[in-house]
Protein chains: 4
Amino acid sequence: MENRDLLLFSPKTPIHIAGPCSVESAEQIEETAAFLSKFGVPVLRGGTFKARTFSSSFQGLGEEGILMLARAAHHNGMACVTEVMNEDQLAFALPHVDMVQVGARSMFNYPLLTAIGKAGIPVILKRGMGATIDEWLAASEYIATEGNPNIILCERGIRSFETATRFTLDVAAIPIARRRSVFPVIVDPSHAAGESSLVFPLARAAMAAGASGIMVEVHPDPLLALSDGKQSLDFQSFELLHRELTAVCNALESLK
Amino acid sequence: MENRDLLLFSPKTPIHIAGPCSVESAEQIEETAAFLSKFGVPVLRGGTFKARTFSSSFQGLGEEGILMLARAAHHNGMACVTEVMNEDQLAFALPHVDMVQVGARSMFNYPLLTAIGKAGIPVILKRGMGATIDEWLAASEYIATEGNPNIILCERGIRSFETATRFTLDVAAIPIARRRSVFPVIVDPSHAAGESSLVFPLARAAMAAGASGIMVEVHPDPLLALSDGKQSLDFQSFELLHRELTAVCNALESLK
Amino acid sequence: MENRDLLLFSPKTPIHIAGPCSVESAEQIEETAAFLSKFGVPVLRGGTFKARTFSSSFQGLGEEGILMLARAAHHNGMACVTEVMNEDQLAFALPHVDMVQVGARSMFNYPLLTAIGKAGIPVILKRGMGATIDEWLAASEYIATEGNPNIILCERGIRSFETATRFTLDVAAIPIARRRSVFPVIVDPSHAAGESSLVFPLARAAMAAGASGIMVEVHPDPLLALSDGKQSLDFQSFELLHRELTAVCNALESLK
Amino acid sequence: MENRDLLLFSPKTPIHIAGPCSVESAEQIEETAAFLSKFGVPVLRGGTFKARTFSSSFQGLGEEGILMLARAAHHNGMACVTEVMNEDQLAFALPHVDMVQVGARSMFNYPLLTAIGKAGIPVILKRGMGATIDEWLAASEYIATEGNPNIILCERGIRSFETATRFTLDVAAIPIARRRSVFPVIVDPSHAAGESSLVFPLARAAMAAGASGIMVEVHPDPLLALSDGKQSLDFQSFELLHRELTAVCNALESLK
């Protein structure tokens, strides 16, 4: 299997992964999946074990959330992905989800990477906010070395002195990672933007720079979201983003 | 006059400014101008007073270079721009060039900004490599306050911990500067990239993020360039970039 | 118990924690412990489960290393600390070591922090290389919230654009963390320095800025070290550092 | 003449340069000079041409301020220094001041550096907030190359992602610049701190790391200062800082 053609990454839409920051209820995730599946988004995302800066913040629905996520995804003909932060969460998620995510805060968690490598499950490996491109690619080797080539690299912004955005999206990391690695590179514009209106130009820039696809946070009602609502798109915004990225993709295709 | 419609910024090509890092000879700059004018590039760039890290590096042809630059540009129906680092250089350049550039290393040079404001000449204001977006926009106020509204903001990459590129292109600065300022925002992908192959994805990303145009380094023979040859495009590469950016622009236009 | 007076942190020496980057053999760690105990260093450090950028690098002696470390420390009247990267490593280390370390790459590993909080074992919490001071202190809350107040904060340098050092030691983080937290703040100058000669000025600066103590890498023969030899002190250098820091401490004491 | 023994840098006090951010009145600067001279501070500082982010901020008293500064300094047996941002300001300052300062925002202003080199006047060269150590030292070569060896390098903090301080003081730059350059290295803790209480630990850290001296902002009444009042010391605080740094210096001397 050629990694860049991972089954899940059909070229029908530039938005490969979408869904809420956190799974909050069966209704919320089902409503989101039903909406996204109409656009051909292949993978539904939803946080269930949340990595939150403050121990007092909403920590996710845990195992119950995974079951809600998987049910909503599969019922709508989608695959699903959730973030896991340690081996116990991985073990629980494995029978239910189609893909796991290693978050930016866990990119350096080598025992977790090794465990995911052994499990063989497809994985989205986010770049750490303080990690160089080469450290990110070296982290992917921890997974690949165990015999798991189903790795998708995800650029999501790095820390810089600029505070106008939550993180600084490093668009150059896209062509560089593509050149230095065999794995596909997608981009999460939501975390870098920190606010929904900036998701549009960052997503367009990422596709134009050569990203294989986009992962974006979508919520039926961002104002009521329990986490990251400020940077989440509502359904109408998602539709607009989908239209924009399709146009950019078509333009790039026409050049080949 | 509406600033975003500066006469020089006709929408016929996404590459608004191009030319060598340094003017090296009458032949070199004439050959470049003749080539670029065929693509409708409105402004010819060429360094004549160079800001070099090392005092022993090539420092530019100075006043002689300005005359070569202006002759080549005007002879080919183009406007021209060169960087000035102090008021003396500004005074010399004023009668000859159509526009001046404030380089990243001079963005905080408030006396120079004030002098350019008083001179009323169109100006490209590059963002400092260590400057926040808000400091950059505050610098533009030093010029505007003197009654000169002919300002073009230019994002060119900031310093971050990532060393895979020369600078980290901050694509989010494009929509943010557009929102917070009335001046057009262009992007110089050459300095951020540090190498010519990365100029393509960065330029495409910049246009997709909403830049009004691109400034790019072009040299008839990059291998022989006296400065920044590694990141300069040759004529063939320029042609490819022009084709790519036109496609991206058309895609964005179709969405309006 | 007042946290800043943790039993292990007797004020007899400014170097609270020392030892090799990695435990490499029983002889190596015993020789180091015998040497350090003569200076009153209360805690012996030694990596046994290593977080290495490349999966092909030396990964540590694991459980066997922990036994060597504990034997050498206790035999010489010292306490010992080793880094753990997940709950399995924590479970194995718990019966043997007196303290565990959360490395910079694990600072955001909230499940691990929670587990250490529940275990109640004293812990050194290093600041992540891309973490703000506030995120670091929020991470300490994950441990404290579980009823474990035996936390020592450790500044070890952050990522910046400067490449002359491995990391940029943020000395201001010392007084700020002391002001915003009840936990003692120590400094690891070795990782920031990246080379042994810079360990001296950075350690002196850290003590002068108000650090409660220093953690430093010491190896009987740095040239033969399996990891981080370049930044490790040999015994003679340790003696000099001890003398320097004692002088700085005495000067600060005299001001009280 | 050995540069590190510049006449102005007598070792009687660790605080080599002090004074207000801006000269505000003859009374203010005279009162400050009278106070500082009692402690043997050799050089009085005071901004007269201010580099302010916003064009609407207080821009300094200009030439009038220079005369006030020089009168107060010389009347109290001190030398004086003020910042110049271009050649015109340099030309005016030259007959009146004993030393000029190149601010962080002007470090890359090569024509200014060259002019100062030609003028031969002693100069404090601050490190740019986005400049590497090597770029800073290369800037000093622009001055030295013209035959002016009277250069004092001044570290004052760099831009990083940490926002708890105004800038991140790079203490490692002190030993590294000392090693790679023949010029003395002093530190300005005021701008990095951004608030007066942090000036103490940063100044102590700088001396402990090997700085030749400290430059600090002092104002008779910081609450009334027209610029940078938040980070300025009042007279009582200066006295405490002087006591602290003397103790640190004595400790370091005792080690020689």
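As shown above, the structure is provided for reference.
A.B. asks: Even after reading the chapter, I still don't get the overall build of chain A, so can you show me in this structure?
C.D. replies: Along the backbone of chain A there are 9 helices and 8 strands. A globule of 256 residues ought to have a C-alpha radius of gyration of about 18 Å, and chain A, at 17 Å, matches this closely. Projected onto the principal axes, the alpha-carbon positions of chain A cover approximately 45 × 40 × 40 Å. Long-range pairs, those at least 24 residues apart, make up 69% of the contacts in chain A with a sequence separation of at least 6.

A.B. asks: Which parts of the structure should I look at to understand the interface of chain A and chain B?
C.D. replies: Size of an interface: often given as the accessible area lost when the parts come together. Each side of the interface is counted separately: chain A has 39 residues, and chain B has 40 residues. Summing both partners gives a buried area of about 3000 Å² for chain A against chain B, and 70% of it is carried by carbon and sulfur. On the chain A side of the interface with chain B, the three residues burying the most area are F161(A), E162(A) and L255(A), jointly 20% of the side's total. The interface formed by chain A and chain B contains 4 salt bridges. The salt bridge partner of E195(B) is R179(A), with a shortest N-O separation of 3.5 Å. Where chain A packs against chain B, one counts 9 residue pairs in polar contact (both at pLDDT 80 or more). Elements with a contribution of two residues or more to the side of chain A that touches chain B: helix 6 (173–180), helix 8 (196–208) and helix 9 (235–255) of chain A. Looking at the side of chain A that touches chain B residue by residue, the class counts come to 22 nonpolar, 7 polar and 10 charged.

A.B. asks: Can you help me understand the packing of helix 8 (residues 196–208) of chain B against helix 9 (residues 235–255) of chain B in this one?
C.D. replies: In a packed pair of helices, the relevant descriptors are the angle between the two axes and the axis-to-axis distance. All names here are of chain B. Contact geometry of helix 8 with helix 9 gives a least axis separation of 10 Å together with a crossing angle of 25°. Put simply, helix 8 runs roughly parallel to helix 9. Seen from above, helix 8 lies across helix 9 with right-handed handedness. Contacts from V199, F200, A203, R204, M207 and A208 of helix 8 reach helix 9 at S237, L240, L241, E244, L245, V248, C249 and L252. Among the residues making up the contact of helix 8 with helix 9, the classes are represented as 11 nonpolar, 1 polar and 2 charged.

A.B. asks: Whenever I open this one, helix 6 (residues 173–180) of chain D confuses me. Can you help?
C.D. replies: Every buried residue of helix 6 of chain D is accounted for by A173(D), I174(D), P175(D), I176(D) and A177(D). Against helix 8 (196–208) of chain C together with helix 5 (133–144), strand 6 (151–155), strand 7 (185–187) and helix 8 (196–208) of chain D lie the buried residues of helix 6 of chain D.

A.B. asks: Would you explain the relation of the copies chain C and chain A in this entry?
C.D. replies: Copy one and copy two of the chain differ by a rotation about a common axis and a shift along it. Of the transformation superimposing chain C on chain A, the axial component is 0.0 Å and the angular component is 180°, with the fit at an RMSD of 0.0 Å. In short, the pair behaves as if placed about a two-fold rotation axis. It is G130(C) whose C-alpha, among those of chain C, lies nearest the rotation axis, at 2.1 Å.

A.B. asks: Sorry if this is basic, but what is going on with the packing of aromatic side chains here?
C.D. replies: Each aromatic ring pair is characterised by the separation of its centres together with the angle its planes make. Across all of its chains, the model carries 24 aromatic pairs over all chains by this definition. On the basis of an interplanar angle of 85° and a centroid distance of 6.4 Å, the ring pair of F108(B) and Y110(B) is categorised as edge-to-face. The exposure classification of F108(B) matches that of Y110(B), with both residues buried. Three or more aromatic residues link up through ring pairs in this structure, and these residues are F35(A), F39(A), F235(A) and F238(A).

A.B. asks: What am I meant to see in the sheet that holds strand 4 (residues 99–102) of chain B here?
C.D. replies: The strands making up a sheet associate through hydrogen bonds between their backbones, and the pairing can be parallel or antiparallel. Residues and elements named next belong to chain B. What the 8 strands build is a closed barrel, ordered 1-2-3-4-5-6-7-8; its pairing is parallel. The mean angle between the axes of side-by-side strands here comes to 25°, regardless of whether they run parallel or antiparallel. Inspection of the sheet shows strand 2 (residues 43–45) paired to strand 3 (residues 79–83) by 3 bridges, in the parallel sense. The residue of strand 3 that forms the bridge with V43 is A79.

A.B. asks: Can you help me understand the pairing of strand 1 (residues 15–19) of chain C in this one?
C.D. replies: Each regular strand shows side chains that alternate between the opposite faces of the sheet. All names here are of chain C. Burial of strand 1 is extensive: 5 of the 5 residues sit out of reach of the surface. Here strand 1 pairs with strand 8 (residues 213–217) via 4 bridges, running parallel. By the bridge assignment, I15 is partnered in strand 8 with I214. In this sheet, strand 2 (residues 43–45) lies alongside strand 1 in parallel orientation, the contact comprising 2 bridges. Bridge pairing in strand 2 links A18 to L44. At this point the chain moves from strand 1, through helix 1 (residues 26–37), to the parallel strand 2, and the crossover so formed is right-handed.

A.B. asks: How should I be thinking about the sheet that holds strand 8 (residues 213–217) of chain D in this particular structure?
C.D. replies: Residue and element names in this part refer to chain D. Read around the closed barrel, 8 strands run 1-2-3-4-5-6-7-8, paired in parallel fashion. Ignoring which end each strand starts from, the neighbouring axes of this sheet average 25° apart. Those strands touched by helix 6 are strand 6 and strand 7, and its axis lies near 160° from that of strand 7.

A.B. asks: What am I meant to see in the interface of chain C and chain A here?
C.D. replies: Taken together, the contact pairs 25 residues of chain C with 25 residues of chain A. Between chain C and chain A, a total of about 2100 Å² is buried, with carbon and sulfur atoms accounting for 53% of that surface. Between chain C and chain A we count 2 salt bridges in total. One can count 12 residue pairs in polar contact (both at pLDDT 80 or more) joining chain C with chain A. Listing elements by their share of the side of chain C that touches chain A, those giving two or more residues are helix 3 (87–93), helix 4 (110–119) and helix 5 (133–144) of chain C. With 4 residues, the top contributor of residues to the side of chain C that touches chain A is helix 5 of chain C. Looking at the side of chain C that touches chain A, its residues break down into 10 nonpolar, 9 polar and 6 charged.

A.B. asks: Explain unusual backbone geometry to me, please; I cannot follow it from the model alone.
C.D. replies: Where the residue is not glycine, phi is negative for most of them; where a peptide bond is considered, it is trans in most cases. At D228(C), a residue that is not glycine, the phi angle is positive and equals roughly 55°. Among the residues examined, D228(C) registers a relative accessible area of 22% and is labelled partly exposed.

A.B. asks: Explain the relation of the copies chain A and chain B here, please?
C.D. replies: Rotating chain A by 180° and moving it 0.0 Å along the rotation axis overlays it on chain B with an RMSD of 0.0 Å. Of the interface residues in chain A, 100% have counterparts in chain B that sit at the interface too, so the contact is made through matching surfaces.

A.B. asks: Teacher, can you tell me more about helix 2 (residues 63–75) of chain A here?
C.D. replies: Turn by turn, an α-helix covers 3.6 residues, leaving residues three or four places apart pointing in a common direction. Residues and elements named next belong to chain A. For helix 2, built from 13 residues, the straight-helix expectation of 18 Å at 1.5 Å per residue is met to within 8% by its first-to-last C-alpha distance of 18 Å. Taken residue by residue, helix 2 has G65, I66, M68, L69, A70, A72 and A73 as its buried positions. Those residues of helix 2 that are buried lie in contact with helix 1 (26–37), strand 2 (43–45), strand 3 (79–83) and helix 3 (87–93). Positioned one or two residues after helix 2, G77 has a phi angle of 75°, which is positive.

A.B. asks: What should I look at first to understand the side chain of N109(B) in this one?
C.D. replies: Structurally, N109(B) can be placed in the loop between strand 4 and helix 4 (110–119). For N109(B), a relative accessible area of 6% translates into the label buried. In this structure, N109(B) is in contact with M85(B), M85(D) and N109(D), ignoring residues within four places of it in sequence.

A.B. asks: Got a minute to help me understand the pairing of strand 6 (residues 151–155) of chain A in this structure?
C.D. replies: Residues and elements named next belong to chain A. The buried fraction of strand 6 is high, at 5 of 5 residues. Every second residue of strand 6 is oriented toward a common face, with I151, L153 and E155 on one face and I152 and C154 on the other, all of them buried. Pairing geometry for strand 5 (residues 123–126) and strand 6, over 4 bridges, is parallel. Note that in strand 6 the partner of I124 across the bridge is I152. Note: strand 6 against strand 7 (residues 185–187), 3 bridges, orientation parallel. For E155, the partnering residue across the bridge sits in strand 7 and is V187.

A.B. asks: What is the right way to look at the packing of helix 9 (residues 235–254) of chain C against helix 9 (residues 235–255) of chain D in this model?
C.D. replies: Contact geometry of helix 9 of chain C with helix 9 of chain D gives a least axis separation of 8 Å together with a crossing angle of 150°. With respect to their mutual orientation, helix 9 of chain C and helix 9 of chain D come out roughly antiparallel. Read as a crossing pair, helix 9 of chain C and helix 9 of chain D show a hand that is right-handed. Residues R243(C), E244(C), A247(C), V248(C), A251(C) and L252(C) of helix 9 of chain C touch helix 9 of chain D, and the partners they reach there are A247(D), V248(D), A251(D), L252(D), S254(D) and L255(D). Taken together, the residues of the contact of helix 9 of chain C with helix 9 of chain D sort by class into 9 nonpolar, 1 polar and 2 charged.

A.B. asks: Explain the pattern of salt bridges to me, please; I cannot follow it from the model alone.
C.D. replies: Two side chains carrying opposite charge are able to pair once their charged atoms lie near each other. Applying the stated rule across the entire model yields 44 salt bridges over all chains. The salt bridge involving D228(C) is made with R166(C); its shortest N-O contact spans 3.3 Å. Pair noted here: D228(C) is in the loop between strand 8 and helix 9 and R166(C) is in the loop between strand 6 (151–155) and helix 6 (173–180), with a separation of 62 residues, a long-range link. According to the relative accessible area criterion, R166(C) is partly exposed, its value standing at 38%. K126(D) serves as the salt-bridge partner of D188(D), at 2.7 Å between the closest nitrogen and oxygen. In this pair, D188(D) is assigned in the loop between strand 7 and helix 7 (189–193) and K126(D) in strand 5 (residues 123–126), connecting sequence segments 62 residues apart. Accessibility assignment for this pair places D188(D) and K126(D) in one class, buried. What you see here is one network of salt bridges that share partners, running through R127(A), E155(A), D170(A) and E162(B).

The rules we used
Residues numbered from 1 in each chain as written. Chains lettered and ligands numbered in written order. Predicted model: local features only at pLDDT ≥ 70, side-chain atom pairs only at ≥ 80, totals over all residues. Heavy atoms only, no water. Helix = DSSP H or I, 4+ residues; strand = E, 2+ residues; numbered from the N terminus. Rg over C-alpha atoms; globule rule 2.2 N^0.38 Å. Contact = heavy atoms within 4.5 Å. Buried area = accessible area lost by both parts, 1.4 Å probe. Salt bridge = Lys/Arg side-chain N within 4 Å of Asp/Glu carboxyl O. Polar contact = N/O pair within 3.5 Å; in protein donor to acceptor, adjacent residues only side chain to side chain. Nonpolar A, V, L, I, M, F, W, Y, C, P; charged D, E, K, R; others polar. Axes fitted to C-alpha atoms, helices over the stretch in contact; angles between N-to-C directions. Parallel < 35°, antiparallel > 145°, perpendicular 65-115°, else oblique. Left-handed = near helix turned anticlockwise from the far one by under 90°. Buried < 20%, exposed > 50% of the residue type's maximum accessible area, 1.4 Å probe, protein only. Least-squares fit on C-alpha atoms with pLDDT ≥ 70 in both. Phe/Tyr/Trp six-rings, centres within 6.5 Å; stacked < 30°, edge-to-face > 60°. Pairing = 2+ DSSP bridges. Right-handed = clockwise from strand over helix to strand, strands pointing away. Expected span 1.5 Å × (residues − 1).

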